[in-house]
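Okay, here's what each chain looks like letter by letter:
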Amino acid sequence: MPLSRLASLYGVATSYAPSPGRDVPVPESTVVAALAALGVDASTPGAVRRALAVREAEDRERLLPPTVVCWGTGSAGQAEALHRLPPGTRLRVTTEQGETRAETTGLPPGVHRLDAEAADGRRAEAQLIVAPERAPAPHARTYGLLVQLYSLLSARSWGMGDLGDLAELASWAGRDLGAGFLQVNPLHAALPGTPSDPSPYRPSTRRFPDPVHLRIEDIPEYAQLRGEQRAAAEELLRRAAALREGVLGEGELIDRDAVRELKEQALALVAAVPQGPGRRAAYCDYLALEGRALEDHATFCAFAEVHGSNWRGWPEELRDPRSTGTGRLRGELRDRVDFHCLLAWLTDCQLAAAQRAAREAGMAVGLVHDLAVGVHPSGSDTWAQQRYFAEGMSIGAPPDAFNARGQDWGLPPWRPDRLAESGYAPYRHLLRALLRHAGALRIDHVMGLFRLWWVPAGQPPTEGTYVRYDAEAMLAVLLLEAHRADALVIGEDLGTVEDGVRETLQRRGVLGTSVLWFERDYRGSGRPLAPEEWRADCLATATTHDLPPTAARLSGDHVRLRRELGLDGPESGGTTGHGDEAGPPAAAAPAAPPEPAAGATDPDSTTDADSEARADEEAQEAEATEVAQWLAVFARLGLLPAGAGDEEDEIRAVHRYLRRTPARLVGVWLPDAVGDRRPQNVPGTSDAYPNWRLPIADDQGRPVTLEELAASSRLYSLIDVFRSPEASPGPRSVPPDARVL
């Protein structure tokens, strides 16, 4: 059919497979809407024929695609597009360094310009991405800590964890614990205004960090406050201490808006202090480095103070970042624009200090930053980069065995065609900024480099479709920037993963993510995988921010919590903060519901309450059975010396097992070290549960400070798992001279 052919040419799927052997057609209206978001009119049969004719003619005449990828410097990595060029085509490459060459082999890694001229006179220009064949690899096996920074309060925090706390944690964990890395949640700037969205996976921009994470007292100009300004700062410190005490001592939730309000007042005082010549020069260097992108972000923040954070509701002339009206108001608000530029720089400086502290403490990797899968539809990125986003679409997930309704994450997707035309410039600059102060980068929903589920506005997620991206180009850009930064890449590849994706990522050196509870032989016995059967190229962990802490998993508390919240079934098919899959592969889904127990009452004769109670009981039993299977495995391997029933030793056994796997990186969820039972996020909830607003707590729910963590015997007992001499399939988790406490 012409519509199917047209959709295929633009990477829009007309069907999808929610499980092996099952193919579901996509509604025609969805295909038409997705094409419209790509600038293609397919609203009538005639429009489809015209669009198809235009696209096929373009493909016949085009010498080169907008972006060409070469892997490595040899002839083996040459792009297929180059092999398809007509005989006699002349090539000219202008490298990033300004050199001109007539060959595409032997080029340095980078983004170069490629000009082609065919013998018949046709010409073409493309961006040529020359990327290393693999991402940097870990130099040795190591373990590290996983933490949501906001949840880590210290005696100096202003009501939530900050970059000073991060630097302190890195210094202690590297020196005293022998940890090799420290993974944090996305630190992207949130949408301005109140009430703010607490989810770190729904930011205003992914390129610039959020100043709410600043440690105010660590800014050099703060120490120079005098007189009334010093008195005002001291009053803000007093109010900040009250916020901190409310969270740590009075059971209050983390209130980012209150923290932000205090910090912005303090930053206004700091901004009025003249910078020394060296500091001023460093700030000017940052402004030059970030250029227009930073000015756009700062302009958005300044405009939001006047007109609100939803730019689609601004006066029409301000909705265009390049309009005369925008330029005029930017000039009028120059002081506020400069203020927000300064805040971005100060935050960047403290990020650099945290990574420096990690490396000076002996961490082999240091900070692992997290790249969210998308941005808020009303945020800074969608205003400043409008042409790169697909209007009227949001990304999500299709229906599957665990969620028959599908998911809509409310995040607008990038347009693959516009990315290719730009040589993936927005993506390159984003990655470069995030990797500047990182030893590794975690890519949330890494499958999105290959395809994303687009949901038309106003339609349910069940009526979405997959749209493909040029995965080769997306990976080439990712590996190029990781190579420039000498940083590892970790892909979050949990949930439904298309065939071939994990293999491609592994071939390119992108580490995967393996969560213990989901590592089973789904194609065979269904039993837990033996440790030696795990993949080596991964970050192995017991849990994530979207899953129950290990203590809750072992006790069944997470099932009870979901029942109290009115959620159906276990969390294993759940979602992340943006709705990402966080469970076993689709192939693992049960083919049929469990058989009723012998003598059970006919379901048709029971009440809804009885049915719900039975479903809850079955879920509890299923989870208990799963945990019992794992505990039996631990006991059989000699990893559970205290026997079942000792929660602390069971948690240690989980991590002893992780250490037995060949995983290059092993992550310890920091709350697990003190027995925290509360998840940071319960997918599928909003107001019913305080997602993203809980401090780290002990097994009794009492908040624990960074200082108390550093004195916790329970924490050191868990960390000793990685410092003991017991055999493991790879190099030692920590250097042989690491101090044992």
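Treat the numbers as computed from the prediction; the structure is a model and nothing was measured.

### A look at the sheet that holds strand β5 (residues 100-101)
Strand-to-strand pairing in sheets goes through backbone hydrogen bonds, with the strands running parallel or antiparallel.
Line of reasoning, step 1. Within the open sheet, the five strands sit side by side as β3-β7-β6-β4-β5. Their pairing is mixed. In this open sheet, the two strands that pair with only one neighbour each are β3 (67-71) and β5.
Line of reasoning, step 2. Two strands pair when backbone bridges link them, and β3 and strand β7 (residues 123-131) are joined in this way by five bridges, in the parallel orientation. Bridging across to β7, W71 finds its partner in A131.
Line of reasoning, step 3. Helix-sheet contacts for helix α14 (residues 471-485) involve β3, β6 (110-117) and β7, and the interaxial angle to β3 is about 55 degrees.

### A word on the pairing of β3
Line of reasoning, step 1. Extensive coverage of β3 is indicated by the burial of five of its five residues.
Line of reasoning, step 2. The alternating pattern of β3 places T67, V69 and W71 and V68 and C70 on opposite faces, both of which are buried.

### Observations concerning the side chain of T543
Line of reasoning, step 1. If you trace the backbone, T543 turns up in the loop between β18 (538-541) and α16 (550-555).
Line of reasoning, step 2. Assessed through its relative accessible area of 1%, T543 is described here as buried.
Line of reasoning, step 3. From its side chain, T543 meets the backbone oxygen of L547 in a polar contact 3.4 Å long.
Line of reasoning, step 4. Polar contacts involving the side chain of T543 include one to the main-chain carbonyl oxygen of P548, which spans 2.7 Å.
Line of reasoning, step 5. If we skip the residues at most four places from it in the chain, T543 touches L146, V515, P548, P549, T550, W669 and D672.

### Remarks on helix α13 (residues 425-435)
An α-helix turns once per 3.6 residues; consequently, residues spaced three or four apart project the same way.
Line of reasoning, step 1. Burial analysis of α13 places nine of its eleven residues in the buried class, the great majority of the element.
Line of reasoning, step 2. Every buried residue of α13 is accounted for by A425, P426, Y427, R428, L430, L431, A433, L434 and L435.
Line of reasoning, step 3. In the core, the buried residues of α13 are packed alongside β6, α8 (277-307), β10 (366-371), α12 (416-421), β13 (440-443) and α14.

### Description of the pairing of β6
Line of reasoning, step 1. Counted residue by residue, β6 has six buried out of eight residues, so it is predominantly covered.
Line of reasoning, step 2. Inspection of the sheet shows strand β4 (residues 90-94) paired to β6 by five bridges, in the antiparallel sense. In the sheet register, R90 faces β6, and the bridge partner there is E117.
Line of reasoning, step 3. Strand direction decides the pairing type here: β6 and β7, joined by eight bridges, are antiparallel. Counterpart to R113 in the pairing with β7 is Q127.
Line of reasoning, step 4. Count of turn residues in the β6/β7 antiparallel hairpin: five residues, of which G121 carries a positive phi of about 95 degrees.

### Observations concerning the packing of α13 against α14
To characterise two packed helices, one gives the angle between the axes of the helices and the distance between these axes.
Line of reasoning, step 1. At their nearest, the axes of α13 and α14 sit 9 Å apart, and the two run at 30 degrees to each other. Relative to α14, α13 is oriented roughly parallel. As α13 runs across α14, the sense of the crossing is right-handed. Together, Y427, R428, L431, R432 and L435 of α13 and M474, V477, L478, E481, A482, R484 and A485 of α14 make up the contact between the two elements.
Line of reasoning, step 2. Of the residues belonging to the contact of α13 with α14, the class tally is eight nonpolar, no polar and four charged.

### A word on the packing of aromatic side chains
Line of reasoning, step 1. Using the criterion set out here, one finds 18 aromatic pairs in the structure.
Line of reasoning, step 2. Aromatic side chains W172 and Y716 sit 6.4 Å apart centroid to centroid with 85 degrees between the ring planes, which places their arrangement in the edge-to-face category. With W172 in helix α5 (residues 163-176) and Y716 in helix α21 (residues 713-719), this residue pair connects regions lying 544 residues apart in the sequence.
Line of reasoning, step 3. By relative accessible area, W172 is classed as buried at 11%.
Line of reasoning, step 4. Between the aromatic rings of F300 and W383, the centroid separation amounts to 6.2 Å while the plane-to-plane angle is 45 degrees, which identifies the pairing as tilted. Of this pair, F300 sits in helix α8 while W383 sits in helix α11 (residues 380-384), and the two are 83 residues apart along the sequence. As far as the burial class goes, F300 and W383 line up, both buried.

### With respect to the confidence of the model for the chain
It should be kept in mind that the predicted coordinates are not to be read in detail where pLDDT is low.
Line of reasoning, step 1. With 91% of its residues at a pLDDT of 70 or more, the chain has an overall mean of 91.
Line of reasoning, step 2. The low-confidence segment residues 586-606, where pLDDT is below 50, has eleven contacts with residues more than four positions distant or belonging to other chains.

### Quick word on the environment of I443
Line of reasoning, step 1. Considering the arrangement of structural elements, one finds I443 in strand β13.
Line of reasoning, step 2. For I443 and L631, which are 188 residues apart along the polypeptide, the C-alpha to C-alpha distance reads 31 Å.
Line of reasoning, step 3. If near-sequence neighbours (up to four positions away) are discounted, I443 is found in contact with L371, L478, V489, I490, G491 and E492.

Definitions and cut-offs
- Residues numbered from 1 in each chain as written.
- Predicted model: local features only at pLDDT ≥ 70, side-chain atom pairs only at ≥ 80, totals over all residues.
- Heavy atoms only, no water.
- Pairing = 2+ DSSP bridges.
- Helix = DSSP H or I, 4+ residues; strand = E, 2+ residues; numbered from the N terminus.
- Contact = heavy atoms within 4.5 Å.
- Axes fitted to C-alpha atoms, helices over the stretch in contact; angles between N-to-C directions.
- Buried < 20%, exposed > 50% of the residue type's maximum accessible area, 1.4 Å probe, protein only.
- Polar contact = N/O pair within 3.5 Å; in protein donor to acceptor, adjacent residues only side chain to side chain.
- Parallel < 35°, antiparallel > 145°, perpendicular 65-115°, else oblique.
- Left-handed = near helix turned anticlockwise from the far one by under 90°.
- Nonpolar A, V, L, I, M, F, W, Y, C, P; charged D, E, K, R; others polar.
- Phe/Tyr/Trp six-rings, centres within 6.5 Å; stacked < 30°, edge-to-face > 60°.
- pLDDT = per-residue confidence, 0-100.

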